[in-house]
Protein chains: 2
Amino acid sequence: MTKSYRVAILGATGAVGTELLELLEQRNFPVSDLKLLASEKSVGRTLHFQGEDLPIESVSDRAFENVDLVLASAGGSTSKTWAAVAVEKGAVVIDNSSAFRMNPEVPLVVPEVNPQAAANHKGIIANPNCTTILMTVAVWPLHQKRPVQRIVASTYQSASGAGAKAMAEVKTQASAILQGQSPVAEVLPYPLAFNLFPHNSPLNDLGYCEEEMKMVNETRKIFATPEIRITATCVRVPVLRAHSEAINLEFEEPFSPDEARAILSRSPGVKLLEDWGTNHFPMPIEATGIDEVLVGRIRQDISHPYGLELWLCGDQIRKGAALNAVQIAELLVEKNLLKPKTAYVSK
Amino acid sequence: MTKSYRVAILGATGAVGTELLELLEQRNFPVSDLKLLASEKSVGRTLHFQGEDLPIESVSDRAFENVDLVLASAGGSTSKTWAAVAVEKGAVVIDNSSAFRMNPEVPLVVPEVNPQAAANHKGIIANPNCTTILMTVAVWPLHQKRPVQRIVASTYQSASGAGAKAMAEVKTQASAILQGQSPVAEVLPYPLAFNLFPHNSPLNDLGYCEEEMKMVNETRKIFATPEIRITATCVRVPVLRAHSEAINLEFEEPFSPDEARAILSRSPGVKLLEDWGTNHFPMPIEATGIDEVLVGRIRQDISHPYGLELWLCGDQIRKGAALNAVQIAELLVEKNLLKPKTAYVSK
């Protein structure tokens, strides 16, 4: 008999939360009971799951009783407050916030890259940042063949990275501009429609923003390669929900584009999209709603003898967040790392 | 007495052409007579200049008679057809197309960078590609202090780079999408509204598109540094008329961000825009309609001991095209390199 699990989604009404709900249903994750947790103001609403309308409940200590798995996507401070409570009550937490990602006690997992890391969890597994997930899925297969020495990344990040409200704001702004009115920015600090700006996360003393340092530090942790040198420029663009990245890779020895292409064509989670004849390469609208990271424009870097250029797009909400979290949950099930609470109790 | 010149604009009705007209007026370029040339289908229309409505004329051999200066912005094939005719009739041609840029007989000029190159003109001076102009204005002052060894550039290019029709198309597409309809792409190969794609110029055998090779080859020519190593990823984004670029620079020795900042703060054509406290850096909407290239987010590259990261935005139509051409014309006047035809005749 297949085991099934009592699952809670923390932050169920957000852009990632609703996607988590959809993915659990689509992928037939073995759910015996689903609890939807969100902030007080969403209580009273319902969300649809497997033919039922489930009520939104508010978060409390008691909410995590009789839960085997928590998929958390309600921001860092909420995770910091509630993850330990959930773990104490016996649940495993897969956390989409940045709260625990760099905690050495917490595995940071991209299932296509470092599934083995999940085995060491002590109740919490961190889901990496969206830009990091997309980059690591594409770069890891190459890194395994020949170690990457340095990465120079530039991102083109969609509004979804700032949540459902930011996505709505971009549309409202675009509509205003098309009607000759001034756009209003309330969710994001500046108008994003027909505009773009460097990622607005807090800056460190070196001038790198948090989003960029996530790409640097999380990639090192996921690859278990602390010496890999990475720089990034993260930019928000007026796209709705898929991120794009221009990735420049430096190796210690030559790496032909054809070999990279051959490797990536059989790599999990990657879909090559390169039509050189029609100049057709990955675009955010094509990456939207699909599971794979689209990779293309693999080129020998003409400025570096051992350099490769590549271009990727991936659904920020899906593989960049919700899908990766559900894949981690599936991995836990597969490896018997997620035990229904009765099992915990019987230990 | 100030000399004044008989000027023709070839491609007067395009996005760059109309900007040329505006700039000649705004900057009080000494025009004694202005001829507006465009394709047959625009004949009959008029454009406003210094209080007059000037008729659009069609291009012909005779159109270039009694003209001292041609500002050409009607595409490469038009320039190839007419530039020699204009020169033969005694005019100097400042050409905004790519037709002559890499011709060793033709100076390729960014007035803030290599004004001296203009002196060697033989009738034609090429105006560089927009992305190249913006990058060279920002990088040249640093390169003069310590030679740049390698550039890794990623661009965020606005619709204006594909002309006025592309700008209109992005708005039409956005409007359709906001109304729940499918966007139609006719000018550009793919929908650009709420989307983006690698630049759709023709690809070479190495997988670089023409736009990228322009950044590589034109920068080398303008800097007169053929050995500088450059790679670029050029991307069209749904912004109307200013381009942005993420520029990673490698030097042979350390270059502190503060020193770079000090140099750029006094460099011609550059305006530093860095408010680290409010995370406010150059944005396309701020670069639109201004002359300067906005530069900011100057950072020590944490992946390279001698690396610098910077971010810039510049008006693609203005400094990226029309303004640079008018500045070349002003330079010719200032250096007495543009002679009214009477002077030519009297030699």
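Cut-offs applied
The numbering scheme is per chain: residues are counted from 1 as the chain's sequence reads. To read the labels, note that chains go from A and ligands from 1, taken in the order they are written. Whole-chain, interface and lining totals are the exception, using all residues; otherwise, since this is a predicted model, local features are given only for residues with pLDDT of at least 70 and side-chain atom pairs are given and counted only at 80 or more. In computing side-chain properties, one takes all heavy atoms of the structure into account and sets aside hydrogens as well as water. What sets the superposition is a least-squares fit of C-alpha atoms, and only residues with pLDDT of at least 70 in both copies go into it. Note on contacts: a residue pair is in contact if any heavy atoms of the two residues lie within 4.5 Å. In short, DSSP must find at least two bridges between two strands for them to pair. For the purposes of this entry, the term helix denotes a DSSP run of H or I that reaches at least four residues, the term strand denotes a run of E that reaches at least two, and both are numbered from the N terminus. All axes here are fitted lines through C-alpha atoms, helices being fitted over the stretch that makes contact, and every angle between N-to-C directions spans 0 to 180 degrees. When two parts are put together, the accessible area they lose, computed with a 1.4 Å probe and summed over both, is reported as buried area. For this analysis, a salt bridge means a side-chain nitrogen from Lys or Arg found within 4 Å of a carboxyl oxygen belonging to Asp or Glu. Between N or O atoms, a polar contact is any pair within 3.5 Å; within protein, one atom must be a potential hydrogen donor and the other a potential acceptor, and residues adjacent in sequence are included only when both atoms are from side chains. When residues are grouped by polarity, Ala, Val, Leu, Ile, Met, Phe, Trp, Tyr, Cys and Pro land in nonpolar, Asp, Glu, Lys and Arg in charged, and all others, Gly among them, in polar. UniProt positions are given in the numbering used here, feature names are shortened, and annotations may be inferred rather than shown by experiment. We call a residue buried when its accessible area falls under 20% of the maximum for its residue type, exposed when it is over 50%, and partly exposed in between, using a 1.4 Å probe and counting protein chains only. Stacked, tilted and edge-to-face are the three classes assigned to paired rings of Phe, Tyr and Trp, where Trp is represented by its six-membered ring and a pair needs centres within 6.5 Å; plane angles under 30 degrees give stacked, over 60 edge-to-face, the rest tilted.

Engineer: Talk me through the relation of the copies chain B and chain A; I want residue IDs and the actual numbers.
Structural biologist: For these two chain copies, the linking operation is a rotation about an axis paired with a shift along it. After a rotation of 180 degrees and a shift along the axis of 0.0 Å, chain B superposes on chain A with an RMSD of 0.0 Å. The operation mapping one copy onto its partner corresponds to a two-fold rotation axis. Most of the interface of chain B is mirrored in chain A, where 100% of its interface residues again form contacts.

Engineer: With reference to specific residues and values, describe the sheet that holds strand 4 (residues 52-58) of chain A.
Structural biologist: Hydrogen bonds along the backbone pair up the strands of a sheet, which may run parallel or antiparallel. Residues and elements named next belong to chain A. The strand order 3-4-2-1-5-6-7 describes an open sheet built from seven strands, whose pairing is mixed. With one partner strand each, in any of the chains shown, strand 3 (46-49) and strand 7 (124-126) form the two edges of the open sheet. Neighbour-to-neighbour, the strand axes of the sheet open up by a mean angle of 25 degrees, direction not taken into account.

Engineer: Break down the interface of chain B and chain A for me, citing the residues and quoting the values.
Structural biologist: Taken together, the 61 residues of chain B in the interface contact 61 residues of chain A. Summed over both sides, the interface of chain B with chain A buries roughly 5100 Å², with 63% coming from carbon and sulfur. Looking only at chain B, the three residues that lose the most surface to chain A are Phe194(B), Asn279(B) and Ile302(B), adding up to 13% of its buried area. At the surface where chain B touches chain A, the tally comes to eight salt bridges. A salt bridge links Arg297(B) to Glu212(A); its shortest N-O distance comes to 2.5 Å. The tally of links between chain B and chain A comes to 37 residue pairs in polar contact (both at pLDDT 80 or more). Classifying every residue of the side of chain B that touches chain A by side-chain character gives 34 nonpolar, 18 polar and nine charged.

Engineer: Describe in detail the UniProt feature "binding site: phosphate" (unreviewed entry) in chain A, supporting the description with residues and values.
Structural biologist: Residues and elements named next belong to chain A. As recorded in UniProt, the sites labelled "binding site: phosphate" (unreviewed entry) are Arg 101. In this fold, Arg 101 is placed in the loop between strand 6 (92-95) and strand 7. Not counting chain neighbours up to four residues away, the residues in contact with Arg 101 comprise Asn 96, Val 106, Leu 108, Ala 126, Asn 127, Pro 128, Asn 129, Lys 214, Glu 218 and Lys 221. Looking at Arg 101, its side chain comes within polar contact range of the side chain of Glu 218, at 3.0 Å.

Engineer: Let's hear about the sheet that holds strand 7 (residues 124-126) of chain B: which residues, and what values?
Structural biologist: Residue and element names in this part refer to chain B. Pairing within the open sheet is mixed, and its seven strands lie in the order 3-4-2-1-5-6-7. The open sheet has two free edges, formed respectively by strand 3 (46-49) and strand 7, since each of these has just one partner strand. The mean angle between the axes of side-by-side strands here comes to 25 degrees, regardless of whether they run parallel or antiparallel. Of the pairings in the sheet, the one linking strand 6 (residues 92-95) to strand 7 comprises three bridges and is parallel in character. By the bridge assignment, Ile 94 is partnered in strand 7 with Ile 125.

Engineer: Report on the pattern of salt bridges, specifying residues and quantitative values.
Structural biologist: Residues and elements named next belong to chain B. Taken as a whole and judged by the stated rule, the model has 44 salt bridges over all chains. In this structure, the salt-bridge partner of Glu 65 is Lys 89, at a minimum N-O distance of 3.5 Å. One end of the pair, Glu 65, is in the loop between strand 4 (52-58) and strand 5 (69-72); the other, Lys 89, is in the loop between helix 2 (76-88) and strand 6, and 24 residues separate them in sequence. Look at Glu 65 and you get partly exposed, because its relative accessible area is 31%.

Engineer: Lay out the side chain of His199(A) with the relevant residues and their values.
Structural biologist: Among the structural elements, His199(A) can be located in the loop between strand 9 (197-198) and helix 5 (210-223). Residue His199(A) is classed as buried on the basis of its relative accessible area, which comes to 5%. A distance of 2.9 Å separates polar atoms of two side chains, one belonging to His199(A) and the other to Ser201(A). Among residues more than four places away in sequence, those in contact with His199(A) are Gln157(A), Cys209(A), Glu211(A), Cys234(A), Val235(A), Arg236(A) and Asn279(B).

Engineer: How would you sum up the packing of aromatic side chains? Please name residues and give values.
Structural biologist: Within this structure, the stated rule accounts for 15 aromatic pairs over all chains. Between Tyr156(A) and Trp311(A), the ring centres sit 5.2 Å apart and the planes meet at 75 degrees, which makes this aromatic pair edge-to-face. Taken together, the residues span a long stretch of sequence, with Tyr156(A) in strand 8 (residues 148-156) and Trp311(A) in strand 15 (residues 307-315) at a distance of 155 residues. For Tyr156(A), a relative accessible area of 0% gives the class buried. Ring geometry for Tyr190(B) versus Phe197(B): centroids 5.5 Å apart, planes at 75 degrees, classification edge-to-face. Each member of the pair, Tyr190(B) as well as Phe197(B), is classed as buried. Of the aromatic side chains, those joined through ring pairs into one cluster are Tyr156(A), Trp311(A), Tyr156(B) and Trp311(B).

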